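# An overview of the molecular structure
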Amino acid sequence: MERPTTRPDTEGKWCGVAPDAQGSVESLDSLMRALGQRMDADLLRQAITHRSYAYEHGGLPTNERLEFLGDSVLGIVVTERLFRDFPDEPEGQLAKLRAAVVNASALAEVARELDLGSFLLLGKGEESTGGQDKSSILADAMEAVIGAMFMSTDLETTRTFIERIFGPLIAESSQLGAGLDWKTSLQERSAELERGVPEYRVTDTGPDHAKEFTAQAVIGGDVLGTGHGRSKKVAEQEAAAQAYAALGGTTDA
C-alpha cells in the first residue's frame, strides 16, 4: 500500500499543512502529542475535518474515507486481540465482545479522553450546537484518526496505539454480561425495578444520504437516556446505555 512521503523536519514537527486559524501545524502537533504518535499532518487534518466544515470551505476532503478505513483497521485489531485473549469463547460471544468495544458510545468516550473534540474542524452550524461533544461525530473522527495513523505508519504501530487506548475496554468487555446489548440490559434492569418496559422515541435530521438519528429511552414517561448516531440502532443503544446507568447499572463501554 502506498504511504505518504512526508517526514519530520529537524525540529521534529511534521510538514505539509499550511497554518490557518483552525487545523494549524501547531494544533496538529498538539493533537499528535495527545495521541502519543507522530503521523502525516495532511492526513491527520483530513481526519478531523467534518463534512460540515468541508462544505463551508469549498468542498475540502472530509474524514469519511479515513473513517471507513479506520473502522476496518480497528475491527481487525480488536477481533484478533479478543481471539487471543478469549480462546474458549464461541464465535457469537466474540462478536458481542467486539461490539462492546467498538460501538459508537465506546469510541466517543475514548475520543473524549483524548480531548479529540477540541481539535475537530466543524461547520458553524455543528459548532453552535455542540458538535465537538456529539457522540456520533466523535466516534467517526476517532475511526478517521485510526485510519490516518495506519496510512501514515503501519499496522503494527497502529495496533500498539489501539491496544493502548482500547485495552481497558477489551479487558472489561468480558465482565459486561447483559451490557453487551444495552437495550436488553435496560429491559432486564427495568423489570428488576418493576419500572415497566422501556420505549424509544427516535427522530432524524439531515438529507437521506447523511441522516443523523436521535433516540430517547423512556421508562414510565421519564426520559432516562439520549443517544445519537448515523443509524437508529446505534442511537437507541447509546440511549439505552445512558438509561441503564441512570437506573443504577454500571457501564464502562
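This is a predicted model, so every value here is computed, not measured.

## Description of the side chain of Thr49
Looking at where Thr49 falls in the secondary structure, it is placed in the loop between α2 (41-47) and α3 (51-56). In this view, Thr49 contacts Ala54, Pro61, Thr62, Asn63 and Leu121; residues no more than four positions away in its chain are not counted.

## Description of the sheet that holds strand β1 (residues 199-205)
Taken together, three strands build an open sheet; the order of strands is β1-β2-β3 and the sheet is antiparallel. Unpaired on one side and paired on the other, β1 and β3 (222-229) mark the two borders of the sheet. Going across the sheet, the axis of each strand differs from the next one's by a mean of 20°, ignoring polarity. Of the pairings in the sheet, the one linking strand β2 (residues 212-219) to β3 comprises seven bridges and is antiparallel in character. By the bridge assignment for β3, Ala215 is matched with Gly227.

## Quick notes on the pattern of salt bridges
It is possible for side chains bearing opposite charge to pair when their charged atoms get close. Taken as a whole, this structure holds 15 salt bridges when the rule is applied. With a shortest N-O distance of 3.2 Å, Lys134 and Glu126 are connected by a salt bridge. With relative accessibility at 17%, the residue Glu126 sits in the buried group. Residue Glu236 is joined to Lys183 by a salt bridge in which the shortest nitrogen-to-oxygen separation is 2.7 Å. Highlighted residues: Glu236 in helix α11 (residues 232-246) and Lys183 in helix α10 (residues 182-192), separated in sequence by 53 residues. Relative accessible area serves as the criterion here: at 9%, Glu236 is assigned to the buried category. Residues joined by salt bridges that share partners form a network here, namely Arg81, Arg84, Asp85 and Glu163.

## A closer look at the pairing of β1
Strand direction decides the pairing type here: β1 and β2, joined by seven bridges, are antiparallel. In the strand pairing of β2, Asp204 is matched with Phe213. The antiparallel hairpin formed by β1 and β2 contains six residues in its connecting segment, where Gly206 sits at a positive phi of about 95°.

Conventions we followed
- Residues numbered from 1 in each chain as written.
- Predicted model: local features only at pLDDT ≥ 70, side-chain atom pairs only at ≥ 80, totals over all residues.
- Heavy atoms only, no water.
- Helix = DSSP H or I, 4+ residues; strand = E, 2+ residues; numbered from the N terminus.
- Contact = heavy atoms within 4.5 Å.
- Pairing = 2+ DSSP bridges.
- Axes fitted to C-alpha atoms, helices over the stretch in contact; angles between N-to-C directions.
- Salt bridge = Lys/Arg side-chain N within 4 Å of Asp/Glu carboxyl O.
- Buried < 20%, exposed > 50% of the residue type's maximum accessible area, 1.4 Å probe, protein only.

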